Amino acid sequence: MQLLGSMKKFSILLLFFCLLCSPYVARAEDGTADAEAAAEPAKSFDGFSKEEIESMQGKTETMEFQAEVSRLMDIIINSLYSNREIFIRELISNASDALDKIRFESLKDKDAAGDIPLEIRIEYDQDAKTLTIQDSGVGMSKEDLVKNLGTVAKSGTTDFVEKAASGTDSLSLIGQFGVGFYSVYLVSDEVTVFSKKNGFDQQVWKSSANQTFSVAPDPRGGTLKRGTAVTLKLKEDAEEFTNPEILERLIKKYSQFIQFPIYLHTHKMESKEVPVEEEEKPEEADEGEKSESEEEDDLEVADEEDEEEKKPKTKTVTEKVWEWKHINTNKPIWTRKPADIEEKEYIDFYKALTKDTEDPIEYSHFSAEGEISFKSILYVPKKAPRGYYDNYYKKSTALKLYVRKVLISEEFEDFMPRYLGFIKGVVDSEDLPLNVSRETLQQSKVLRVMSKKLTRKAIAMLRKMAEDCEEDDEDDEDSEEEEEEEENEKECKYDTFFAEFGKSLKLGIIEDSTNKKKLAKLIRYETSKSEGKFIGLQEYVENMPESQEHIYYITGENKDAVKNSPFIERLTRKGIEVVYMVDPLDEYVINSIPEFDGVKLMSVTKEDLEITQSEAAKEREKKLKEEFKPFSEWLAKKLGKKVSKVEVSNRLAQSPCVLVTSKYGWSANMERIMKAQTLGNAEAQPWMKASKILEINPKHPLIKELKSRADSDSEGDDLDNLIDLLFGTAMLTSGFPVTDPKIFASNIHAVIAKNLGVESLEVELEAEEPLDSGDEEEEDEEDEEDEEEGEEEEEAGEATSTDKDEL
C-alpha cells in the first residue's frame, strides 16, 4: 500500500511538471516552424522563386525600347488616356484579339486550337497587390514579344490586318498589342508577360517602363499550355483594382459583349454545418466510493449519453469559398441578323443595356455600309427620365460606341444631335482608327459620317412609328362599329412618344436646319376641329378646303385661352381649322418653319390676316372701312400712344375689339414668355416689343354707339373712361397684361356704381387715433426710478443713525 501511495504521488508530480513545461515546448516548436518558414524561398510578385530567378539570369536577354520611353510615358499618362481604368478594356481587348487569331488559325489547322477552351481569366491577389489577365489565345514567341512589345507603335496583328486587306487573309483584327498595352503603366510599376505559342517554349517578358526590357525562357516550363498572361504589380494608389466588385463593374462596363467568356476569380462567404468536437472529461473519484443509488443514476445517464452520441452536435461556421465567376453573360445581339432575333430578345437586351424597368416603345436594328460600316440598335424609351429637359444642355447622347464589342465610350458630344439625346442603344464599328488612340475618336472625320447616318436612321424610325399610327387610325375608321371597345383601350404608340419627347422634336426644328423639314412632319398639335386629338401639319393640309391658302395658327398660354380667344371667332364660324400652339417652344418653332410643304403658316394674332372670301364680301368690307375711317382716327387720337393705329377688323364676330400685333414683332404670347424668363431682360430689345393695333368690330353695338357719339362731337370724362375701359378689356382678351391695374379697376368700379345708382365712390372715414409715441411710459419709468433711489437713500440714512446710537 505504501508503494502504491508513493507511485501515485510520483505520477502526480510528473503530471504537474509536464503541464508546467508544455508552454516552453510549444514555444520551441513554434520557433522551429517560424525558422522553417523563414528558410523557405520567398517568391516574387509574378510567382518566381529565388532559384527560378537565379536560373533565368544567365538566360535573360536585356534590350532597349525602340521608342523613346520618356516621351512614351508622357503621351500615355498625360495625353492619350484621361481615365486610367481603361487599362482593363485594353488588356481584355488584346486578349480577345489573340483568341480571335487562334480561332482563325484553327480554320486552316484543326490542331492549332486543340482542346484548350477559348476564354479569358482575371485573377487578383490583394496581399501581393497584383492583377493577372490571362487568355488562351495565339500566344507569342520570343521574337513576337520583342517585335510586338519592344516597339511602341508596332503591333503584331497590324501586319496581319495589312495582309488581310491585300487579300492574303480574310479576317481583320484590331491589333493584339500596340499603344493600348502600355496603358498598364497608368496603374502599374512593373509588368511581367508570360506567353506560350504553339511550337515554342514559354517566354517571360519584363519591364518597369524604363529604358530597357528583358526576355527569358520560363524556368517553370509550359505552365500556360498556350496563350498569354499579363501580371501587373499595382501602384499604391491603384490597389482599388484588386477589389472584386470594382473589377466586375469595369468588366461589365467595357467588355460585357466580348464574344469569349470572361471569368473573374472571386470569393464568396458560405455557411455550413460542421460537427462539434467534445473534450474528454477526467474521472473525478474512485468507483468504490459511490453509493448504490449513485451507481444506478450513472447507468441511466450513460444510457442517455449513448442516445445523444447517435445524433452528433453541429455548429454553423462561415468560410471563404473561391470560384470562377462568369461575368459577360449578355450577348451582343446586334451582330446577328434582325430576322433571327425575336422581339423578347430585343426587349431583354434593352433592359440589360439601360437598366430600365419598362419596355422600349420602339427600336430599330440596322447595318450601315459605304464610307464606313457599322451595326447599330437604337431604342426609344417609353418615358423621359426625371428632369430630362432641366438638364437638356448638360446631357450628351445616350449611345454607347463599341469597336469589335469593346466599349470605347459611353458619351460623345457630337455623336448624335442633342435633341435626339433620349435615344439609347449601341453602335459597333470595325472601321475606326484604334491603333493610335481610343480616346481621340471624337475628332475623327469618320464619326461625323456615322453621326449623319445615325440621325437619318433615328428620324426614319420615328417617322415609321408615326405612319404606323396613322394606318391604325384608318383601319379603326373602317371597322369602327366592330372594334369600338378595342379602339378605346388601344393607344397610339406615337402619341405616347410625343407626349414624352415632343419638346425634343421642336428643339430639333430650331437647332437642326438640315433636318427641320423632316422633323416638321413629326410634330403634333391640337386644333379647333381635332376634338382633343393631336394631329400633324400634313394631316391639316390634307383636310384643308381647296380655297384655303394658309395654315392658320394661334399661340397662347393654354388651350382654354386660345380656344375662347376672340382672334378665331370668324374663322371658326367659317369652318376654318385653327392650330392651337400652347407650348412656349412653338413661338420659336414658327420662326424656323414659316411654311410647310409650300403652304404658308399665318398667325391669327397679327395684322393683315388674309381670309378667303367672295368678291361681294370684299366689297362690303371695303365700304365699312371707308365708313369707319373718321371714327378710327378719332379713337386713335383718344388712345394716344397706347396704339399705333385703329382699323376695322375682319376676324371678329362677337367681340367689340381686339389688339393685334405687327407682322414682324413679338406676339402678345412671346412678350409674356420673354418677361417670364428669370435671366431674361425684355427691356433690352424694345424694338421687338409688340406694336399694338386696335381692330374694331363695326357690327358690335358698343362700337356703333361710340361711333354715334363721336359723330355728335360729345365729349366728357365719362366717355374717356369708357374708352379706357374698352381698351383694357381688349388688352386682357388679347393676351396682354393691363398697363395700369389701378386705373382699370377704378373704371370698372365707376361702371358698377352707375348701374347700382351709387352717386359717389368716396368713403367717409373716421379720424384715426395716432399711435402712442411712448414718451409717457418713459416718464413713468423715470418717476419710478427716482422713487426707488429716494427710498434707498432714506434706508441708508436710518442705518447710519442706528450705528451712531450704538457707538
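Notes on the structure follow. (Residues numbered from 1 in each chain as written. Predicted model: local features only at pLDDT ≥ 70, side-chain atom pairs only at ≥ 80, totals over all residues. Heavy atoms only, no water.)

Right, let's talk about the pairing of strand β2 (residues 120-125) for a bit. Of the two faces of β2, the one lined by I120, I122 and Y124 is fully buried and the one lined by R121, E123 and D125 carries no buried residue. The pairing of β2 with strand β3 (residues 130-135) spans six bridges and is classified as antiparallel. Paired with R121 across the two strands is Q134, which belongs to β3. Joining the antiparallel neighbours β2 and β3 is a turn of four residues, in which K129 adopts a positive phi near 60 degrees. One ladder, built from three bridges, connects β2 with strand β8 (residues 262-275); its direction is parallel. The residue bridging I120 from the neighbouring strand is I262, located in β8. (Buried < 20%, exposed > 50% of the residue type's maximum accessible area, 1.4 Å probe, protein only. Helix = DSSP H or I, 4+ residues; strand = E, 2+ residues; numbered from the N terminus. Pairing = 2+ DSSP bridges.)

For the rest of this paragraph, the subject is the sheet that holds strand β9 (residues 314-326). One open sheet holds the nine strands; their spatial order is β1-β6-β5-β4-β7-β3-β2-β8-β9, and the pairing between them is mixed. Edge positions in the open sheet fall to β1 (61-64) and β9, since each of these has one partner strand only. Sheet twist, expressed as the mean angle between neighbouring strand axes with direction ignored, is 20 degrees. (Axes fitted to C-alpha atoms, helices over the stretch in contact; angles between N-to-C directions.)

What follows concerns the environment of K383. Inspection of the secondary structure puts K383 in the loop between β11 (374-380) and β12 (398-403). Residues K383 and F422, 39 residues apart in the sequence, show an inter-C-alpha distance of 9.5 Å. Residue contacts for K383: discarding those within four places in its chain leaves E358, E500 and F501. (Contact = heavy atoms within 4.5 Å.)

Right, let's talk about the packing of aromatic side chains for a bit. Two numbers describe a pair of aromatic rings. These are the distance of the centres and the angle of the planes. Overall, the coordinates contain 26 aromatic pairs when judged by the stated rule. Their ring planes at 70 degrees and their centres at 5.4 Å tell us that F257 and Y402 sit as a pair that is edge-to-face. Of this pair, F257 sits in the loop between α7 (244-255) and β8 while Y402 sits in strand β12, placing them 145 residues apart in sequence. According to the relative accessible area criterion, Y402 is buried, its value standing at 0%. Here F422 and F501 contribute two aromatic rings whose centre-to-centre distance is 4.5 Å and whose plane-to-plane angle is 20 degrees, an arrangement assigned as stacked. With F422 in the loop between β13 (406-409) and β14 (424-429) and F501 in helix α12 (residues 493-511), this pair connects stretches of sequence that are 79 residues apart. Overall, the relative accessible area of 0% leaves F501 in the buried class. An aromatic cluster is built from Y388, Y389, Y392, Y393, F422, Y494, F497, F498 and F501, whose rings are joined through pairwise contacts. (Phe/Tyr/Trp six-rings, centres within 6.5 Å; stacked < 30°, edge-to-face > 60°.)

Applying the stated rule across the entire model yields one disulfide. A sulfur-sulfur distance of 1.6 Å marks the disulfide that ties C469 to C492. On the criterion of sequence distance, the pair formed by C469 in helix α10 (residues 445-478) and C492 in the loop between α11 (484-489) and α12 is long-range, its members being 23 residues apart. A residue is classified by how much of its surface remains accessible, and C469, at 8% relative accessible area, is buried. (Disulfide = S-S within 2.5 Å.)

With that settled, the discussion passes to the nonpolar core. One finds Y494 and F497 to be the most contacted residues of the largest nonpolar core, which totals 77 residues. The biggest single contributor to this core is α10, with 11 residues. In this structure F497 touches I361, V380, F422, L462, M465, G502 and L505, once residues within four positions along its chain are discounted. Of all hydrophobic cores here, the second largest spans 58 residues; its members include V187, L234, F241 and I333. (Core = buried A, V, L, I, M, F, W, Y, C linked by side-chain atoms within 4.5 Å.)

Here we take up helix α22 (residues 717-733). Here α22 spans 24 Å end to end across 17 residues, near enough to the 24 Å set by a 1.5 Å rise per residue. Within the sequence span of α22, burial applies to L719, I723, L725, L726, F727, G728, A730 and M731. On the buried face of α22, the contacting elements are α19 (629-639), β22 (657-661), β23 (692-696), α21 (701-711) and α23 (741-756). Positive backbone phi, at 100 degrees, marks G735, one or two positions downstream of α22. (Expected span 1.5 Å × (residues − 1).)

With five of its five residues buried, strand β5 (residues 203-207) lies for the most part within the structure. As judged from the five bridges shared by strand β4 (residues 188-196) and β5, these two strands associate in the antiparallel manner. When the sheet's bridge partners are listed, T192 is paired in β5 with K206. Linking two consecutive strands that pair antiparallel, namely β4 and β5, is a turn of six residues; a positive phi of about 85 degrees is found at G199 within it. What sits between β5 and strand β6 (residues 212-217) in their antiparallel hairpin is a turn of four residues, with A209 showing a positive phi close to 65 degrees.

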